[in-house]
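# Tertiary structure, described
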Amino acid sequence: MIPTFGIDIGSTGIKAAVAGNASALERHFPAWRLLSERPAGSDLAVAVAPVRPSGGNPYAIVAELIEEVAGALPPGGRSAPVFTGIGARACAERFGGLAVNDARALARGIGLLHPHIAHVLEMGGARARLLNIAADPRQGEVLLHDYRANGDCAAGCGTFLDQQARRLGVDLAEIGDLALQAGQAARIAGRCSVFARSDMIHAQQRGATPPEVLKGLCDAVARSFKGSLLLGRDFSGGALFVGGVAHNAGVVQALREALGLTAEQLSIPQAPAHYGAIGAALWRWRREAPERDFETSKPSLSPSPWPALHLDQVVFLPAVAPSEENPHQVFLGLDSGSVSTNLVCLDGEGRLLHDFYLRTAGRPVETARKAFSALRALLSPGIVIAGVGTTGSGRELIGELIGADVIRDEITAHHTGAARMAREHLGKDVDTIFEIGGQDAKYIRLSEGVVVDFAMNEACSAGTGSFLEEQAERLDIDLCEDFAPLALSAEHPVRLGERCTVFMEQDVLERQRGGAAPEDLAAGLAYAVVQNYLHRVVRGRPVGEVVFFQGGTAYNRAVAAAFARVLGRSVIVPPHAGVMGAYGAALLAMQAQGEGPRPSRFRGFEGPALEEQRRTFTCSACANACAIQEFTIEGRRSYWGDRCSERFRRPRRTDREPIVPDLFRLQSESLHRNHLADLAGDEGEAGRRILAGRIRRKAGCVTPLRIGLPLAMHTYERLPFWRTYIEALGHETVLSPPTSGVLAEDGIEAAVAEPCFPVQVAHGHVAALLQEEIDHLLLAAPINAETDTLKLQSHVCPWGQTLPFVIGASPAAAAARQKLLQPVIHFREGLARVERDLWRTCAPLAASRSHHRDAVALAEQAQLRHEATLASAGAQALDILERGNEQAVVLLGRAYNLYDPGVNLNLPHKLREHFGLNVLPMAALPLQGEKIPCDNMFWHSGRRILQAASFAARRPWLHLIYLTNFGCGPDSYIKHFARSAAGRPFLILQLDGHNSDAGLLTRVEAYLHSKGLLS
Amino acid sequence: MSGRKRPLDGRICYIPRIINRSSRLLAAALEAAFGGTFRIVPESDEHTTLLAAPHLNGDECYPQVLTLGDFLKVLESPDFDPARTAFFLPTSSGPCRFGQYGELLKQVLAERGVGNMQVLSPGFDDGYLGMGWKGLRYVWWSIILSDLLERLLLHTRPYEVHPGQSDALYEESLDVLCALFTDPALDGRGLLRALRRTLAASGERFGAIPVDRLRPRPLIGVVGEIFCRLNSFSNDQAVRRIEAAGGEAWMTGFSEWLLYAAAWDRIERREAGRAFSPGAWRSALLEALLRRDEHRLSRALGELLAARPEPGRVTELLELARPYLPPQAGLGETVLSLGRAAYLQRAGADGILDISPFGCMNGIVSQAIYPALSRDYGGIPIRTLYYDGSGGGRDEEIALFLELAAAYRRKKGKKD
């Protein structure tokens, strides 16, 4: 029997297998592993080679493998290889042989070795898949009945785990064992790896240990795999888990837990990573005729390359030496960031004496200690530390720990540093700052030294340093030493798409497989970061004349050159570009000292003994179950890690008090008020009393039912209507519980496709209600809303319009379909239409048609009362503000973003409590008839948002924060028009499945600083 | 815009590449109806995206990127004169984002200093009657012709013995039909008769192309967002990839949308209690007229497309979708994609591919409902492919999907 040979070129590893006579395989391939699993009913055996990393040049490894096999077997004793995986076709062309589809190869490998298996779960380097197969080994036939793949999302696969492990300084092979050691898991968002990564960083910053983070990561990957591919499937009859990730014990355990399966039910074969290669090796076995293969002629769409990079338009400012080497007092600035921890030491004139750039590596406290001890070794004894400032995402933890005098957001720190450098070196003001750090990218626009606009990456890490870092590592290029010279030597830099970090990685991989030269890829990556940054962060905002490029990525001269090329103007890289945040923080400490000298709070280089005084516990205040870190520093307790609870909230950041009442609390109280009782009360008008009396009598004629109503989506503005309607019909309203982390997570997992976060949360509310004893579940489909103009439609977004039916089609709601009431309602068309719409579905709930009409009429009155309450409180608040000459923040957005604290992380409350701000929801503004700068705004929410922006445009004392969601279709346009409507910059906050408010508050703080709203 | 006036006033009007290569047929029809000069925007390429990007925030849908970028390309041409140029961009009143393209285009043109440029935007609300009866009928003819030719092409090309023959005939037929539209001697009924004759002749020639149908190919019904589905640049040549992987594509044509627009106007009026208003009569008349013209033209092909029939009425699709999503809630493409997927399965498709732009709201809703539809329709494989211009990896995905379609076909064969 001639051995057959299969090679699987994966994204991270290359796997090979041979199939043939067992003794021959043992003889010829002693270093390979002979499997005891064999094709049923044959004496054929399979041996697999150790996995080889793909590295920068997969072809060389494939060539080695081919040579190895050729050398091991006698001439004439081997067949041409069968290739599968990402570069299969290119390999088949290059080395000869057959290329086959990798899912089919995988199915064949498993089907022949494990014919009883019907479900295959695969998690490889860049892929996660579920295959349903049926095998008949006697015929050598394996049929693929169904498959699901992760497609555009890389969250549930190995590359992502690998990246994160490297970020934590942990070897990929160790992840599983380390994760199993952790007592608790840090909560990491499951679906999008970019969000997961941010969560992970914030968990580290808040003190979670690497094993806890890794366990959280394994849970997230398993959850994501389950959420995207495995929902509604029953694997209790047995499934096989394959792919390289199946070697990771942490993920295996997490996946078994997530799916509720035992080790027998979800089993791991002998060589889980090799089944693609095994299928390729067995491709021709027991096949009479070679099967049709999928050779495709890909139309050429390869774009023209970028121009070569040059440094001629990059200005590198020289460092200025301090006037004396050993000053008697110094100022320190520490930037505790996601990728690096930077420490600077300035003399009394603000000249840089020392700077340190260290990898944070997931240990912010230890890294900060290391930096301080390195600095201490350089400073002469007795030197006075006159002031310390901290910045970066770990600013509060470290600031508290070391006793910082100033704790400030990164944006403020960066512009403070850049402004000083520009004045000192150029004698003029900087007007534009590009700051690209590890996870954050910022754009700051200044006018006469004052921040007038800025933008940060909205929950997206495309166009940040970590992307470059990961890609360089993947390409085997040393980012610090070799990347820039290599990229600058490229003649034809490749054009890579302007896209999400994770997708871009796949592009790079494909171009690499397509034979792009390393230098052209490196230069292409430099361009890609710049393109992503300009399109996703700057987004068409003006770029001025004095452009500073700083942050860790500015050390990369190739990126600076790419900026200059793309913008066609000079780009200035300041000295110590990577530590500008720390530099700015030190300057801010110096400025604070200048305002009134006082001794620094700095606790000294030793710092308190943190480890011994740290305690971790789980907050039980709500279902979020946050992991709280308690630090005791000099007897003062400080808490970290809370998401929501009142008990462990952060200390106030200002002494300012809001002068207007809490309109969000008022909205919530009015929303949940029993309006029916109020309407029927003595104070009601005579007509209403009669109506209510009639209702009471008729409601007594129906059998009371329990009607479930999800407190999600449009219920946040229409609850008074729905509750009154249900109760006026004589039934009981069963409201879903408030949005919690657990509920949101359930919703994310229950949603079939990838809608926006609030829609996912709504799925969670429905799931929660289905656990209750209810007779019906009322899921209304509002098509449109009342409007102040009939010239235009006033649609709800398509997701809102269709949500009841999407939920009805979901596997989770399948069992309860007969309970669903899904009226399609046109609020725009008036009450008669609304009543007709409701009657069609809800007639069985009412005693009679007239009873139903009365109920709808009362419901409408309740709704109007609710809206009037907020409008009148809003008018009063505006009056108070105007008379008091005070400023306020108006929150723009849809009701479910503005009023659901589980979605907005209680932002309105935090704005009031932490920053002492007056905060108004846009519904509190008198917007009737307000003109907008868009002639065809057919979404009701869009019209209202634009009206609110226009209203604020004429009142400079109203500042805007726009709450939106990742993937919100209407907002992708409304944001454009809102800029023209507002006539000035405002903050956009994207709310998603995040479980940390650190990122959100950084943006808010920077915005408030730039607006002069924080002292 | 109105068919009775000459809205262009000497301007050259550019139209986006809405319906693939046959957009030139649409341009010819518009020219015949309104006079003046209608041209298709230059071919989309990477420059398109680069031109659009500075004006976008990256969250808009992909057809927006391409239509905006292609229009901006016109602004870059050396002989561009804003006073002598106009853009044609149909609009809608929501709820899908398509209706915002025109608004954003106007904002961008203003930013570029040409805010006074003319943008012609016939709207959905009156079934596109804003173009006038004549304008709408001419446009309708061009769309029916383009759909029929496309169906002939896709039903022939995968099986042709001599590669390239079907494509060449397709282009040639387009040339002749375009010439008819712009022939000043032809108008109204005379034009329709000439179009019929030419189509019949093309049909005969398609029928005569030597084909080998012995080896069956999985039949893949294609649904989804209209631009992305029909514009081959935006879907990275999905149809050719389906064919290259061994399948035959059955593409949902553009005409469905216009029929839906006409029918929807009538249904909406009925729902709102205005079933007997003048507007409702007008819509019913329009719908009847469109269907009659469609019938006249498609009859010219005899039995050639008997294996790829269109539904009798567009409302048939809405009824097929109703168990999953009532037409009043799933406005526009969502309900059409669902209904069409069910229709195609009944008409013999072995698999359904939904081609939509990344982040498409309608696409995501349909995608969420497809599993339920598939369960009710014998487990037919249905997949959504999202496009955003980044490409990569589709061949493998399509090949794998064809594998499922082939397995479904075998299963179906056994049952039959």
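Described below are features of the structure shown in this document.

How each quantity is defined
Residues numbered from 1 in each chain as written. Chains lettered and ligands numbered in written order. Predicted model: local features only at pLDDT ≥ 70, side-chain atom pairs only at ≥ 80, totals over all residues. Heavy atoms only, no water. Helix = DSSP H or I, 4+ residues; strand = E, 2+ residues; numbered from the N terminus. Rg over C-alpha atoms; globule rule 2.2 N^0.38 Å. Buried < 20%, exposed > 50% of the residue type's maximum accessible area, 1.4 Å probe, protein only. Contact = heavy atoms within 4.5 Å. Pairing = 2+ DSSP bridges. Polar contact = N/O pair within 3.5 Å; in protein donor to acceptor, adjacent residues only side chain to side chain. Axes fitted to C-alpha atoms, helices over the stretch in contact; angles between N-to-C directions. Expected span 1.5 Å × (residues − 1).

## Points about the overall build of chain B
Counting secondary structure elements, chain B contains 15 helices and eight strands. Taken over C-alpha atoms, the radius of gyration comes to 21 Å for chain B, in line with the 22 Å a tight globule of 416 residues would show. Over its C-alpha atoms, taken along the principal directions, chain B stretches across nearly 65 × 50 × 50 Å. Here chain B holds 416 residues, and the buried ones make up 64% of them. Summarising the internal contacts of chain B: among those between residues at least 6 apart in sequence, 78% fall at separations of at least 24.

## Topic: the pairing of strand E8 (residues 119–123) of chain A
Residue and element names in this part refer to chain A. With five of its five residues buried, E8 lies for the most part within the structure. By the alternation rule, side chains of E8 split into His-119, Leu-121 and Met-123 and Val-120 and Glu-122, which are all buried. For E8 and strand E9 (residues 128–136), the ladder comprises five bridges, and the chain directions are antiparallel. Bridge pairing in E9 places Leu-121 opposite Leu-130.

## So, the side chain of His-776 of chain A
Residues and elements named next belong to chain A. With respect to the secondary-structure elements, His-776 resides in strand E29 (residues 776–778). Of note is the side chain of His-776, whose polar atom sits 3.3 Å from the backbone oxygen of Lys-819. Not counting chain neighbours up to four residues away, the residues in contact with His-776 comprise Leu-705, Arg-706, Ile-707, Gly-708, Lys-819, Leu-821 and Leu-845.

## Things to note about the pairing of strand E22 (residues 547–550) of chain A
All names here are of chain A. Burial along E22 is two-sided: the residues Val-547 and Phe-549 and Phe-548 and Gln-550 are all buried. As defined by bridge partners, strand E19 (residues 432–436) adjoins E22 across four bridges and the pair is classed as parallel. Bridging from a neighbouring strand, Ile-433 pairs with Phe-548 of E22.

## Things to note about the sheet that holds strand E12 (residues 266–267) of chain A
Backbone-to-backbone hydrogen bonds join strands into a sheet, with any given pair of strands oriented parallel or antiparallel. All names here are of chain A. With mixed pairing, the five strands of this open sheet are ordered in space as E10-E9-E8-E11-E12. Lying at the two open borders of the sheet, with one neighbouring strand each, are strand E10 (141–149) and E12. Inspection of the sheet shows E9 paired to E10 by eight bridges, in the antiparallel sense. Paired with Ile-133 across the strands is Leu-144, a residue of E10. Each of E8, E9, E10 and strand E11 (239–242) touches helix H4 (residues 102–113); the most contacted strand, E9, lies at about 50° to it.

## Description of helix H17 (residues 518–538) of chain A
Counted at 1.5 Å a residue, the expected span for H17 of chain A with its 21 residues is 30 Å, and the 29 Å between its end C-alpha atoms agrees. The buried fraction of H17 of chain A amounts to 18 of the 21 residues, a majority that puts the element mostly inside the structure.

## Here we look at unusual backbone geometry
Residues and elements named next belong to chain B. Between Gly-94 and Pro-95 the backbone carries a cis peptide bond, its omega angle lying at 5°. Tracing the sequence through the fold places Pro-95 in the loop between strand E3 (85–88) and helix H4 (101–111). Positive phi, normally seen in glycine, also occurs at Asp-236, with a value near 55°. As for its position among the elements, Asp-236 is in the loop between helix H8 (226–230) and helix H9 (238–244). Overall, Asp-236 belongs to the buried group, its relative accessible area being 9%.

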